[in-house]
Amino acid sequence: MAHVELSLSEVFAPEARSSTGRGSDSLGRWAETVSEADEPCLLIDAGTRVVAVSASGCELLCLGAPEDVVGFPLLDGGLRLLDFTANRGELTEQETDKIPPLLALHSGRLARGLLRVEAAAKGAPDATVDAISTPVLADGSVAGSLTFFSEV
């Protein structure tokens, strides 16, 4: 029979933050993290505006520089999504509502899916990326979504 020992230790409780700067709320803290991340990631607010994007995320999604995207709506900031047909048609508004960053935002749940991103340079191959999104909460409600990308 297996023998299991348990021990208890004091609970570590970090000091409460009293900062009122950019990182004082959940969305602000994630924005700082995403901006400095090496991984391709993106943070949008409840209005679908880009709050932060990593440099590698901009490169993977063919968005240019982070400062060119932050503050603009996700789909109006240069992100060109295509369907997976041979015709490479641009996604309709109804189809874009089902992409992981927006699905996590509207459903309040994790979302995952593949995206086909139109290449920035003419003649360059399109990128296919795996996107995993989670809602970001503030005061118990969805304030945005955080998405990590991986090239397929």
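Every value quoted in this text rests on a predicted model; they were computed, and no experiment measured them. (Residues numbered from 1 in each chain as written. Predicted model: local features only at pLDDT ≥ 70, side-chain atom pairs only at ≥ 80, totals over all residues. Heavy atoms only, no water.)

A. Representation of the pattern of salt bridges. Using the criterion set out here, one finds five salt bridges in the structure. For Arg80, the salt bridge goes to Glu118, with nearest N and O atoms at 3.6 Å. Of this pair, Arg80 sits in the loop between helix H3 (66-69) and strand S3 (81-82) while Glu118 sits in the loop between strand S4 (111-117) and strand S5 (127-138); the two residues are 38 residues apart in sequence, bridging distant segments of the chain. Since its relative accessible area comes to 27%, Glu118 is described here as partly exposed. (Salt bridge = Lys/Arg side-chain N within 4 Å of Asp/Glu carboxyl O. Helix = DSSP H or I, 4+ residues; strand = E, 2+ residues; numbered from the N terminus. Buried < 20%, exposed > 50% of the residue type's maximum accessible area, 1.4 Å probe, protein only.)

B. Local environment of empty space enclosed by the protein. For the coordinates displayed, the defined rule picks out one cavity of 30 Å³ or more. Approximately 30 Å³ is the volume found for the largest cavity. In this structure, the largest cavity is lined by Leu42, Leu61, Leu74, Leu79, Ile99, Pro101, Leu115 and Phe149. Classifying every residue of the lining of the largest cavity gives eight nonpolar, no polar and no charged. (1 Å grid on protein atoms, 1.4 Å probe; cavity = no way out; pocket = protein on both sides within 12 Å on 5 of 7 lines; lining within 4 Å. Points joined across faces, edges and corners; volume = space filled by probe spheres on them. Nonpolar A, V, L, I, M, F, W, Y, C, P; charged D, E, K, R; others polar.)

The values reported here are purely geometric and, on their own, carry no functional implication.
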